[in-house]
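Residues per chain, in single letters:
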Amino acid sequence: MTSYGSPSPYDRGEATKILPIALQHLTPNYISILGTGAIAAAVMSSMDSCLLASASLFTNNIYKTLIRKQASDRELQWVVKISVTVAGLVGMGLAFLGNNVLTFWALATDVMYTLVLPQLICVLFFPVSNGYGAVGGYILGVTLRVLSGEPLLHLPPAIHFPGCRLISEVYVQHFPCRTLSVLVSFCANILISYVTSMLFEKSFLLKRWDILQVRTRSAPSGADAKSNVDKPAASDLLLDTTC
């Protein structure tokens, strides 16, 4: 009973465009213009934040820290501009590849759970974790997750876990492969961090090979510990003088 007519948006394959269709055919023209402008402004604001965040993350944490530590401010500005352009092109390409935003939302949730969560847990609760463990755990987690397959990306599984079934010519993993990726990434992070710390601390690896600048804390020797015990603390001396 509207200007849209029949059949329904679902039958026409336009279910993902339901909000613009509702604004166009169920509201006055000025409401439709305002609503479309508000949606565009909200989307552009979110995209700007994502582009700037990704560019700043690459510039500060990768380029300035690992690639060029003596980079000038002007050089970093150019790196940010180039990073924003590259990230924008990649995002535009992903938008053209898929016609459903919920697909990318599900993939982003998958990435946050399988890759970011173990890194976050190690950083917050395990002081032994370092950059080498983070890189190793990330690589193992990504490899295992990719080999598990992803139907949303039409990626067939290379590893058929128990319960993997062929449904409508698509292999579906019923095994908790995402949780397995989390556990593998977490354990690899802790193990690699501990091993690399011990290797650098025991001088099995040269200090100049420590490209990630891992700082290891060694326990004080017996003489140092004894001297620290026998020597009164500065706060105790200050307390005695005050009394």
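Residues numbered from 1 in each chain as written. Predicted model: local features only at pLDDT ≥ 70, side-chain atom pairs only at ≥ 80, totals over all residues. Heavy atoms only, no water.

**What to know about helix H6 (residues 131-147)**
- When the terminal C-alpha atoms of H6 are compared, their 24 Å separation across 17 residues agrees well with the 24 Å that a helix rising 1.5 Å per residue should span.
- Measuring from the backbone nitrogen of Tyr132 back to the side-chain oxygen at the start of H6 gives 3.1 Å, which picks out Asn130 as the cap.
- Looking one or two residues beyond H6, the residue adopting positive phi is Gly149, at roughly 85°. (Helix = DSSP H or I, 4+ residues; strand = E, 2+ residues; numbered from the N terminus. Expected span 1.5 Å × (residues − 1). Polar contact = N/O pair within 3.5 Å; in protein donor to acceptor, adjacent residues only side chain to side chain.)

**Concerning helix H7 (residues 177-201)**
- In this model H7 runs 36 Å from its N-terminal to its C-terminal C-alpha over 25 residues, within 8% of the 36 Å that 1.5 Å per residue would give.
- Those residues of H7 lying buried are Cys177, Ser181, Val182, Ser185, Ala188, Asn189, Ile190, Ser193, Thr196, Ser197 and Phe200.
- Positive backbone phi, at 65°, marks Ser203, one or two positions downstream of H7. (Buried < 20%, exposed > 50% of the residue type's maximum accessible area, 1.4 Å probe, protein only.)

**Observations regarding the state of the cysteines**
- In total, this model carries zero disulfides according to the counting rule given.
- In this structure Cys122 is a free cysteine whose sulfur lies 8.8 Å from that of Cys187, the closest cysteine sulfur available.
- Taking relative accessible area as the criterion, Cys122 reaches 0% and is therefore assigned buried. (Disulfide = S-S within 2.5 Å.)

**Considering the UniProt feature "transmembrane region" (unreviewed entry) in the chain**
- UniProt marks residues 30-58, 78-98, 104-126 and 180-200 with the feature "transmembrane region" (unreviewed entry), using the numbering shown here.
- When the span residues 180-200 is considered, its composition is 100% helix and 0% strand, and the gap between its end C-alpha atoms is 30 Å. (UniProt positions renumbered as here; feature names shortened; annotations may be inferred.)

**Topic: the packing of helix H2 (residues 18-26) against helix H3 (residues 29-67)**
- Where H2 meets H3, the closest approach of the two axes is 8 Å, and the angle between their N-to-C directions is 155°. Taken together, the axes of H2 and H3 are roughly antiparallel relative to one another. In the packing of H2 onto H3, the handedness of the crossing is left-handed. Note on element contacts: H3 touches H2 through Ser32, Gly35, Thr36 and Ile39, opposite Leu19, Leu23 and Gln24.
- A class-by-class count of the residues in the contact of H2 with H3 yields three nonpolar, four polar and no charged. (Axes fitted to C-alpha atoms, helices over the stretch in contact; angles between N-to-C directions. Parallel < 35°, antiparallel > 145°, perpendicular 65-115°, else oblique. Left-handed = near helix turned anticlockwise from the far one by under 90°. Contact = heavy atoms within 4.5 Å. Nonpolar A, V, L, I, M, F, W, Y, C, P; charged D, E, K, R; others polar.)

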